[in-house]
Amino acid sequence: MKILLTGGAGFIGSHTAVELLAGGFEVVVVDNYSNSDVSVNDRIVQAAKWQISRQKDDKLKIDMDNLPITFYYGDCRDGMFLDSVFRENEIDAVIHFAGLKAVGESVEKPLAYYDNNLGSTLVLLNVMKDHNVKKLIFSSSATVYSGDNKMPLDENSKTGNCTNPYGWTKYMIEEILRDEALADKEWSIALLRYFNPVGAHASGLIGEEPNGIPNNLMPYICRVAAGQGLGIRGQKLGKEYQKLKVFGNDYPTKDGTGVRDYIHVVDLAKGHVAAVSYLYRHSGAEAINLGTGQGYSVLDMVQTFAKVNDVPVPYEITGRRAGDVAEVYANPAKAKKELLWQAELGLEDMVRDAWGYMVKKCE
Ligand code: NAD
Ligand code: UFG
């Protein structure tokens, strides 16, 4: 079975490519490398070999010297280009990761976000229809839920009231996909709502590569920890990484800091492999949470990171970040029932693997 991954060179896409290869699937990656590096291509192959060589199940008889993966450099908004990818490959299903994802940047450049995220999806849908490929997994986000829900969030929790253009693009694309699935019953679509993906592949070969100063907690912790001794690719880390800023300790949570549902990116990638099978026993468009159901506070993250990796993570408490809420965590029951999938890795695995990737990068 051949799966097309748009944005397959990115953080979640690269880990999914590895899991698909290790599961005996053929993979086609399309990426414009706007938020990734072409060197990821080779590292995906190396990480897949690393993983397959450790796999106990050899029933799949995977040819390690000739892993079935093809990489295309191109933009998903370019219909002629995408059409040529479909002509050259018999695609069975698509996982649409490609898109812009920085919340703050989306407020400054809303048009870029609507153009890229909506534009790439519309072009992709039309090309898929032309080639009669109607199985799609879409990278949605917990950000589609409104801020006034009770926790945990299940798929019937209220959506909308997004606080930024990025969130609206995910909300709007979900609506577009639902409309299309209503109009054409041949579609089978999974709208996977990710919670907070963190961590990296256990090989240390692929991981998260944010451009510029990271907005998200885990990559920031990694940089602060790296600043305690390591440099990134030989460069000295700037002043902004001397301490982590903990955004608020006056939330109604166990220690006052924000609580989120962090999920190991390898678990998340496995969720996509499970969703591919789901597409074959389902029709219509269905939203499904991918989270662990377990919330951890910012201080849980900092302390576990420091303990597991034996590295200090200095921090200071600052004011709340605009737009943040106290707690966000999933009810993951639907994924267990429908995808036959649940997260297996814990917080210690997440912090260990995130740091393992950072250390390898600095070598
Ligand atoms: P990422 O930026 O690492 O990966 C996205 C990839 O898409 C990048 O390699 C980028 O170069 C590529 N891309 C962007 N626009 C493109 C275009 N027009 N054509 C071709 N390639 C394009 O992000 P990620 O963390 O891997 O996220 C993947 C998807 O999951 C995104 O849609 C994101 O919005 C969504 N998501 C991510 C998170 C998260 O916290 N990482 C949470 C919820 C949802
Ligand atoms: N935090 C800090 N200091 C930092 C960065 C973050 O204290 O330097 C805190 C935040 O206040 C929050 C928690 O760490 O309490 C997690 O923040 P992140 O920025 O890592 O993640 P968010 O939950 O804010 O948002 C992320 C993605 C969104 C996505 C959402 C899904 O950035 O795109 O998860 O739940 F929609």
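For the structure given in this document, a descriptive report is provided here. (Residues numbered from 1 in each chain as written. Chains lettered and ligands numbered in written order. Predicted model: local features only at pLDDT ≥ 70, side-chain atom pairs only at ≥ 80, totals over all residues. Heavy atoms only, no water.)

**Some remarks on empty space enclosed by the protein**
Scanning all chains against the criterion turns up 1 cavity of 30 Å³ or more. What the largest cavity holds in volume is close to 100 Å³. For the largest cavity, the full set of lining residues is Gly199, Ala200, Glu208, Met218, Pro219, Cys222, Arg223, Ala354, Tyr357, Met358 and Lys361. Along the lines of polarity and charge, the residues of the lining of the largest cavity split into 7 nonpolar, 1 polar and 3 charged. (1 Å grid on protein atoms, 1.4 Å probe; cavity = no way out; pocket = protein on both sides within 12 Å on 5 of 7 lines; lining within 4 Å. Points joined across faces, edges and corners; volume = space filled by probe spheres on them. Nonpolar A, V, L, I, M, F, W, Y, C, P; charged D, E, K, R; others polar.)

**Points about the pattern of salt bridges**
A full pass over the atoms with the stated rule returns 21 salt bridges. The closest approach of N and O atoms between Glu338 and Lys337, which form a salt bridge, is 3.5 Å. By relative accessible area, Glu338 is classed as partly exposed at 27%. Several salt bridges share partner residues, and in doing so they unite Lys129, Lys134, Glu180, Asp184 and Glu186 into one network. (Salt bridge = Lys/Arg side-chain N within 4 Å of Asp/Glu carboxyl O. Buried < 20%, exposed > 50% of the residue type's maximum accessible area, 1.4 Å probe, protein only.)

**A few points about the site of ligand 1**
Lining the immediate environment of ligand 1, one finds 27 residues, of which Asp31, Asn35, Ser36, Lys101 and Tyr166 sit closest. Separating an oxygen atom of ligand 1 from a side-chain N or O atom of Lys101 is a distance of 2.7 Å. In the complex, 95% of the free accessible area of ligand 1, which totals 830 Å², lies under the protein chains. If you list the elements that add at least two residues to the shell around ligand 1, you get helix 1 (11-22), strand 5 (135-141) and helix 6 (165-183). Among the elements that make up the shell around ligand 1, the one with the highest residue count is strand 5 (3 residues). Split into classes, the residues belonging to the shell around ligand 1 amount to 10 nonpolar, 12 polar and 5 charged. (Near = heavy atom within 4 Å. Polar contact = N/O pair within 3.5 Å; in protein donor to acceptor, adjacent residues only side chain to side chain. Areas by Shrake-Rupley, 256 points an atom, 1.4 Å probe, with all protein chains shown as cover. Helix = DSSP H or I, 4+ residues; strand = E, 2+ residues; numbered from the N terminus.)

**A short note on the packing of helix 5 (residues 110-130) against helix 6**
Where helix 5 meets helix 6, the axes come as close as 9 Å, and the angle between the chain directions of the two elements is 20°. In terms of their interaxial angle, helix 5 and helix 6 are classed as roughly parallel. For helix 5 against helix 6, the interelement crossing comes out right-handed. Residue-level contacts link Pro110, Tyr113, Tyr114, Asn117, Leu118, Thr121, Leu122, Leu125 and Lys129 of helix 5 to Pro165, Tyr166, Trp168, Thr169, Met172, Ile173, Ile176, Leu177 and Glu180 of helix 6. (Axes fitted to C-alpha atoms, helices over the stretch in contact; angles between N-to-C directions. Parallel < 35°, antiparallel > 145°, perpendicular 65-115°, else oblique. Left-handed = near helix turned anticlockwise from the far one by under 90°. Contact = heavy atoms within 4.5 Å.)

**Thoughts on the packing of helix 7 (residues 217-226) against helix 11 (residues 347-362)**
At a minimum axis distance of 10 Å, the contact between helix 7 and helix 11 shows a crossing angle of 55°. Classified by the angle their axes make, helix 7 and helix 11 are oblique. You can see that helix 7 and helix 11 cross each other, and the crossing is right-handed. Residues Met218, Cys222, Arg223, Ala225 and Ala226 of helix 7 form the contact with helix 11, whose participating residues are Met350, Val351, Ala354, Trp355, Met358 and Lys361. Looking at the contact of helix 7 with helix 11 residue by residue, the classes come out as 9 nonpolar, no polar and 2 charged.

**Comments concerning the pairing of strand 8 (residues 244-247)**
Where burial is concerned, the two faces of strand 8 differ: the one with Leu244 and Val246 is buried and the one with Lys245 and Phe247 is not. Taken together, the 4 bridges between strand 8 and strand 13 (residues 315-318) define a ladder with parallel strand orientation. Considered in strand 13, the bridge of Lys245 is made with Glu316. (Pairing = 2+ DSSP bridges.)

**So, the sheet that holds strand 1 (residues 2-6)**
Adjacent strands of a sheet form backbone hydrogen bonds with each other and so pair up, either parallel or antiparallel. Pairing is parallel in the open sheet, where 7 strands are placed in the order 3-2-1-4-5-6-11. Because the sheet does not close on itself, it has two edges, and the strands there are strand 3 (69-73) and strand 11 (284-290). Here the average twist between neighbouring strands, direction ignored, is 20°. In this sheet, strand 2 (residues 26-31) lies alongside strand 1 in parallel orientation, the contact comprising 5 bridges. Each bridged residue has a counterpart across the sheet, and for Leu5 the counterpart in strand 2 is Val29. Across the sheet, helix 1 lies against strand 1, strand 2, strand 3, strand 4 (93-96) and strand 6 (188-194), angled at about 170° from strand 1, the strand it touches most.

**Focus on helix 8 (residues 265-279)**
Here helix 8 contains 15 residues, and its C-alpha end-to-end distance of 21 Å stays within 8% of the 21 Å for a straight helix at 1.5 Å per residue. Among the 15 residues of helix 8, 13 are classified as buried, and the element is accordingly described as predominantly covered. (Expected span 1.5 Å × (residues − 1).)

**Looking at the sheet that holds strand 9 (residues 259-260)**
One open sheet holds the 3 strands; their spatial order is 12-9-14, and the pairing between them is mixed. The open sheet has two free edges, formed respectively by strand 12 (296-297) and strand 14 (327-328), since each of these has just one partner strand. Across 2 bridges, strand 9 lies against strand 14 in parallel orientation. Opposite Val259, over in strand 14, you have Glu327 as the bridge partner.

**A closer look at the nonpolar core**
Formed by 46 residues in total, the largest nonpolar core has its most connected members in Leu192 and Leu339. For this core, the element with the highest residue contribution is helix 8, accounting for 8 residues. In this structure, Leu192 is in contact with Ile137, Phe138, Ser139, Ser140, Ser141, His272, Ala275, Ile288, Leu290 and Leu339, ignoring residues within four places of it in sequence. With 28 residues, the next largest nonpolar core counts Leu4, Val28, Ile173 and Leu177 among its residues. (Core = buried A, V, L, I, M, F, W, Y, C linked by side-chain atoms within 4.5 Å.)

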